[in-house]
Amino acid sequence: MKLLNKWPDYYKKDVATHYCPGCGHGIVHRIVAELMEEMDLGRRAICVNPAGCAVLAYKYFDIDMIESAHGRGTAIATGVKRVKPELFVFTYQGDGDLSAIGTAETIHSANRGEHITVIFINNAVYGMTGGQMAPTTLVGQRTTTTPGGRNPKFDGFPLHITDVIAKFPGVIYAERVAVNGPAGIQRTKRAIRNAFQVQVDGLGYSIVEVLSPCPTNWKMTPEDSFKWITEVMAKEFVPGVLTDKRGGGD
Amino acid sequence: MSGNHTFGEAAIRAGCRSYFGYPITPQNELGEYMSEHLPANGGVFVQSESETAAINMVIGAAATGTRVMTSSSSPGISLKQEGISFLAGFQLPAVIVNVMRGGPGLGNIAPAQGDYFQATRGGGHGDYRTPVFAPGSVQEVADLTRVAFDVADRYRTPVMVLGDGMLGQMKEPVVFPEPISDFPEKEWALKGRGDGPSRYMASLILDPMEMERHNWELVRKYQVIAKNETRYEEYMLDDAKIVAVAYGTTARIAKAAIKRVRKEGVPAGLLRPITLWPFPKEPLQNLARRIEDFVVFEMSTGQMLEDVLLSLEGKARVAFHGRPGGVVPTPVEFARVLYREYQRQMRVNNETA
Ligand SMILES: Cc1ncc(C[n+]2csc(CCOP(=O)(O)OP(=O)(O)O)c2C)c(N)n1
Ligand code: SF4
Ligand SMILES: [Mg+2]
């Protein structure tokens, strides 16, 4: 008999989640933990977690972890990977962390082609601090700091940072996916698997951007959040493979 | 060898296997030295995109138990402060070199000692201390860099070595200690969980009671450091009636000034703090039992002065002479101050007699 819904080895047991109902973080956590096991990475993995809702990721991932100051994850990951190339090193970052305060670290770690993997949770807001505007907030989207909706005249346009770094020669694999239903979750797992494999194969930098629901700050039900990703967010941030320089494809 | 190159060579001989930094004058020769010699010794050199990135790369390397160094000069050290606070919170060992220059702001690239407060008062946010070593010669750069790595590892703490543009650029003969590479296993280091339990390096402690416990735990560590690692030099103190207090480059100038005034019959001596934190408080207090006059010399507007005043607790007169902004004072200038203060002491004593 095959156990279909096995608890992943690298996901801690008997812990209550602090993520809100319908939050995308929990779903992506589960995927990462499953891949740690399926790809036999958990024993040599180091996860760098962010300042953001996922600052508490260590409560769930049962692998070695180090916390980062807001936005500095890929610099820390660089330090770990350069001195211990045998370790499997990935960061887990939000859109504020990765594409606002950590933009320089994101761009330069990608441009150096560091052999790290970046899991980028794009939920179009600052979740942890209560729903302020993020660089990825959509035009017209209401947040606590854009009460009238994001106005490009004052607030700029949504930042497509993954598209930017996908052009770098050292960025071997970049894909944007969406946690918006079973098919999207399957695709997310496949993308993260590909990205992890890039590092396993010693090819260079890989990143997966995940459009991820934040029902709490979007003030929507989990169901409506999935719908909003499909109907609104994915129109601005179009899912797909942004670069694949592995040779051979997947 | 120049002070900057000596920092690098001493670090490599101390088993440093990684360096992350961003160019800034007057310490560029240190990073350049590392870019050539670290990879040749099986180490890692990365020129980062900023000092902020550099100190975070340091955090990553330190977390794996690797001996790691970064260096900068004043403006760049300001950018590293967030990371130094995290190193203190994580209890990670690392060596940070600051080759100070004039400030505030961009200031200039001349030697200065204006970062004393920043170095000894934590510098970044939160309740922590950083051991600070202040070499006074190129030979001492070699010796104290080794000590800095050992202290960092022993107490799991970031350690700063505080020099200035003069010390960095100056060339002197130097004898290096033998290289070491065998270190005791760092059980706390992250290396992937393997078959053991997973570990987590955190500075986030949401429960205030637990955070307070962590704070006091750090304090207990700092008390042990203060007890075991405080260093200072006594110079011509045996018969001294007036004592200069100065560190680093300023202490060298003070020594030359003391030789000068002694020829004029002024019995001057020097107490040179080698660790700025922990500050050699007790030696100063002991001196105050027989010395009435102290003169603090700094290339700043008066920062270490506050530690001297705190140490002496009003038990002696304290004069101050400072040259901030990158001005390097001369021995003649210091000699004049010592002479003047000693004359005043004699006058006061005659009046009360
Ligand atoms: C230097 C610094 N500035 C600000 C903060 C406050 N802060 C913590 S998380 C965060 C934003 C989190 O948003 P995001 O990265 O999108 O993650 P999410 O919570 O949405 O997953 C901010 C502003 C901080 N911790 N450190
Ligand atoms: S605030 Fe948003 S991102 Fe944070 S846990 Fe709740 S739903 Fe998830
Ligand atoms: Mg976010």
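Residues numbered from 1 in each chain as written. Chains lettered and ligands numbered in written order. Predicted model: local features only at pLDDT ≥ 70, side-chain atom pairs only at ≥ 80, totals over all residues. Heavy atoms only, no water.

(A) Up close: the interface of chain A and chain B. Taken together, the contact pairs 33 residues of chain A with 35 residues of chain B. Summing both sides of the interface, chain A and chain B together bury roughly 2,700 Å²; the carbon and sulfur share of this comes to 61%. Contact with chain B buries area across many residues of chain A, yet A:Arg43, A:Asp64 and A:Glu67 alone supply 24% of it, more than any other trio. Linking chain A with chain B are 5 salt bridges. A:Asp64 serves as the salt-bridge partner of B:Arg199, at 3.2 Å between the closest nitrogen and oxygen. The interface formed by chain A and chain B contains 15 residue pairs in polar contact (both at pLDDT 80 or more). Of all the secondary-structure elements, those providing two or more residues to the side of chain A that touches chain B are β1 (45-49), β2 (64-67), α2 (73-83) and α4 (103-111) of chain A. Sorting elements by how many residues they give to the side of chain A that touches chain B places α2(A) first, with 7 residues. By residue class, the composition of the side of chain A that touches chain B is 16 nonpolar, 6 polar and 11 charged. (Contact = heavy atoms within 4.5 Å. Buried area = accessible area lost by both parts, 1.4 Å probe. Salt bridge = Lys/Arg side-chain N within 4 Å of Asp/Glu carboxyl O. Polar contact = N/O pair within 3.5 Å; in protein donor to acceptor, adjacent residues only side chain to side chain. Helix = DSSP H or I, 4+ residues; strand = E, 2+ residues; numbered from the N terminus. Nonpolar A, V, L, I, M, F, W, Y, C, P; charged D, E, K, R; others polar.)

(B) Local environment of the domain arrangement of chain B. Residues and elements named next belong to chain B. Domain assignment breaks chain B into domain 1 (3-193 + 201-229) and domain 2 (232-352). Between the C-alpha centres of domain 1 and domain 2 there is a distance of 29 Å. Residue-level contacts link 35 residues of domain 1 with 25 residues of domain 2. Regarding the contact of domain 1 and domain 2, the summed buried area is about 2,400 Å², with carbon and sulfur atoms giving 54% of it. Taken as a group, Gln113, Tyr116 and Phe117 account for 30% of the area that domain 1 buries against domain 2, more than any other trio of residues on that side. The interface formed by domain 1 and domain 2 holds 3 salt bridges in total. (Domains from an automatic or database assignment.)

(C) Summary view of the packing of aromatic side chains. Residues and elements named next belong to chain A. Per the stated rule, a full pass over the model turns up 14 aromatic pairs over all chains. Look at Trp7 and Tyr11: their rings are 5.7 Å apart centre to centre, the planes differ by 80°, and that puts the pair in the edge-to-face class. Given a relative accessible area of 12%, Tyr11 falls into the buried group. Plain terms: the ring middles of Tyr11 and Tyr60 are 6.1 Å apart, the flat faces sit at 20° to each other, and that makes the pair stacked. Of this pair, Tyr11 sits in the segment before α1 (24-38) while Tyr60 sits in the loop between β1 and β2, placing them 49 residues apart in sequence. Judged by relative accessible area, which is 1%, Tyr60 ranks as buried. Site record: aromatic cluster; members linked through ring pairs are Trp7, Tyr11, Tyr19 and Tyr60. (Phe/Tyr/Trp six-rings, centres within 6.5 Å; stacked < 30°, edge-to-face > 60°. Buried < 20%, exposed > 50% of the residue type's maximum accessible area, 1.4 Å probe, protein only.)

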